[in-house]
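# Architecture at a glance
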Amino acid sequence: MSLPKTEGVDYIVVWQMPGMTDRATPPDSVMRDDIRIIVSDTAGLSQSRNIAIGEATGEVCLIADDDTVLISSEFQTIKKIFSETPDIDIALFRIAGKQKKYPEKRITVNRKLPKGYWVTSPEIAFRTASIRGKLKFRNNFGLGAPRFTAAEESFFITDAIRQKLKIEMIPVETCIQPSPSSGERAYSADGGFPASQGAFIRYTHGIIHGFPRIIMFATRASLTAKAPFLFTLKHAFKGFTCRTTEML
């Protein structure tokens, strides 16, 4: 991952080495005064992000994956937006070249995200003081979690909406993401993705209204050739019927 050196910008890199923290030797390329490396014995993407949030000292944070290409020329734009809009807690920016259904103009997210849009982590920027101690990624969800390998961003933003944090979607491209997100890839060999979506559907829609959406989700997966209908329905239903404690 390239971390462009920019005045007023610092980086936190969480390096997860479960059971091998004593072997961690950072490469020379990241041995800079603007990069802080945290070697952690934990595993899982959500745990990594929660560690970074807890250690962040900047007023505004931007999330990036290890393959994210940051557009450093927009760093000042991000800072300016948060400075000029003091009541904004979370901003959802755009990924350049991503085939997603973004709103054409800047909007405030009230009760739910726009139809057809799903959140990807590198789109998320937030005011640190608004998040720390109030909101976190769910450790049981996301890449590296034992059962639910996706939907961590969806839970994060939904929890923010329920806490009445001010969220805006802003038509500014802040990064490039070469790899497809979980929602863009086929997942016929990964039951973790439909299970995650099943759990999220139940969390947002409840049992009565959620169950038909499980069927719709499986049908859409089949029609778009991402996974067979019965495979998706089976794993989505397992997630849908999971214990509430498993959603934490």
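Our subject is the structure listed above.
Residues numbered from 1 in each chain as written. Predicted model: local features only at pLDDT ≥ 70, side-chain atom pairs only at ≥ 80, totals over all residues. Heavy atoms only, no water.

### Quick word on the overall build of the chain
Counting secondary structure elements, the chain contains 6 helices and 8 strands. Beginning at the N terminus, the succession of helices and strands in the chain can be written as β-β-α-β-β-α-β-β-β-α-α-β-α-α. Burial statistics for the chain: of 248 residues in total, 46% are counted as buried. Here the contacts in the chain between residues at least 6 apart in sequence split such that 74% fall between residues at least 24 apart. Accessible area for the chain stands at about 13300 Å²; split by element, carbon and sulfur atoms hold 55% of it. In the chain, which carries 33 positive and 26 negative side-chain charges, the distance between the mean positions of the two groups comes to 11 Å. (Helix = DSSP H or I, 4+ residues; strand = E, 2+ residues; numbered from the N terminus. Buried < 20%, exposed > 50% of the residue type's maximum accessible area, 1.4 Å probe, protein only. Contact = heavy atoms within 4.5 Å. Areas by Shrake-Rupley, 256 points an atom, 1.4 Å probe, with all protein chains shown as cover. Lys, Arg positive; Asp, Glu negative; His and termini not counted. Charge placed at Lys NZ, Arg CZ, Asp CG, Glu CD.)

### Quick look at helix α2 (residues 75–84)
Looking only at α2, the buried set comprises Phe-75, Ile-78, Ile-81 and Phe-82. All buried residues of α2 lie within an arc of 130° about the axis, which places them on one face of the element. Turned more than 90 degrees away from the buried face of α2 sit Ser-83 and Glu-84, all of them exposed. In this structure, the buried side of α2 is in contact with β1 (11–16), β3 (60–62), β4 (69–70), β5 (90–95), β7 (124–127) and β8 (167–176). (Arc of directions from axis to C-beta.)

### Some words on the pattern of salt bridges
If the charged atoms of two oppositely charged side chains come close together, the side chains can form a pair. Enumeration over the complete set of coordinates arrives at 14 salt bridges. Across the pair Arg-36 and Glu-55 runs a salt bridge whose closest N-O atoms are separated by 3.0 Å. You can see Arg-36 sitting in strand β2 (residues 35–40) and its partner Glu-55 sitting in helix α1 (residues 45–55), a full 19 residues away along the chain. Look at Arg-36 and you get partly exposed, because its relative accessible area is 41%. What makes Glu-55 partly exposed here is its relative accessible area of 33%. In the salt-bridge network here, residues are joined through shared partners; they are Lys-5, Arg-32, Asp-33 and Asp-34. (Salt bridge = Lys/Arg side-chain N within 4 Å of Asp/Glu carboxyl O.)

### Section: empty space enclosed by the protein
Tallied over the entire structure, the rule returns 1 cavity of 30 Å³ or more. One number sums up the size of the largest cavity: a volume of about 40 Å³. Along its surface, the largest cavity is lined by Leu-92, Phe-93, Arg-94, Tyr-102, Pro-103, Lys-105, Met-169, Ile-170 and Pro-171. Here the lining of the largest cavity is built from residues that sort into 7 nonpolar, no polar and 2 charged. (1 Å grid on protein atoms, 1.4 Å probe; cavity = no way out; pocket = protein on both sides within 12 Å on 5 of 7 lines; lining within 4 Å. Points joined across faces, edges and corners; volume = space filled by probe spheres on them. Nonpolar A, V, L, I, M, F, W, Y, C, P; charged D, E, K, R; others polar.)

### Brief notes about the packing of aromatic side chains
The geometry of an aromatic ring pair comes down to the distance between the two centres and the angle between the two planes. The tally for this structure, following the rule as stated, stands at 11 aromatic pairs. Measuring from centroid to centroid gives 4.2 Å for Phe-137 and Phe-156, while their planes differ by 10°, and the two rings are stacked. One end of the pair, Phe-137, is in the loop between α3 (128–131) and α4 (152–162); the other, Phe-156, is in helix α4, with 19 residues separating them in the sequence. Judged by its relative accessible area of 1%, Phe-156 falls in the buried class. With a centroid separation of 6.2 Å and 85° between ring planes, the pair formed by Phe-211 and Phe-237 is classed as edge-to-face. Of the two residues, Phe-211 is situated in helix α5 (residues 192–223) and Phe-237 in helix α6 (residues 229–240); the sequence distance between them amounts to 26 residues. Taking relative accessible area as the criterion, Phe-211 reaches 36% and is therefore assigned partly exposed. Classification of Phe-237 as partly exposed rests on a relative accessible area of 39%. Above the ring of Phe-137, the side-chain terminus of Arg-49 is found at 5.3 Å from the ring centroid. (Phe/Tyr/Trp six-rings, centres within 6.5 Å; stacked < 30°, edge-to-face > 60°. Lys NZ or Arg CZ within 6 Å of the ring centre and 35° of its normal.)

### Here we look at the pairing of β5
For β5, a buried count of 6 out of 6 residues is recorded, marking the element as mostly surrounded by other parts of the structure. With 3 bridges connecting them, β5 and β7 associate as antiparallel partners. By the bridge assignment for β7, Ile-90 is matched with Phe-126. In this sheet, β8 lies alongside β5 in parallel orientation, the contact comprising 5 bridges. When the bridges of β8 are listed, Ile-95 appears paired with Cys-175. (Pairing = 2+ DSSP bridges.)

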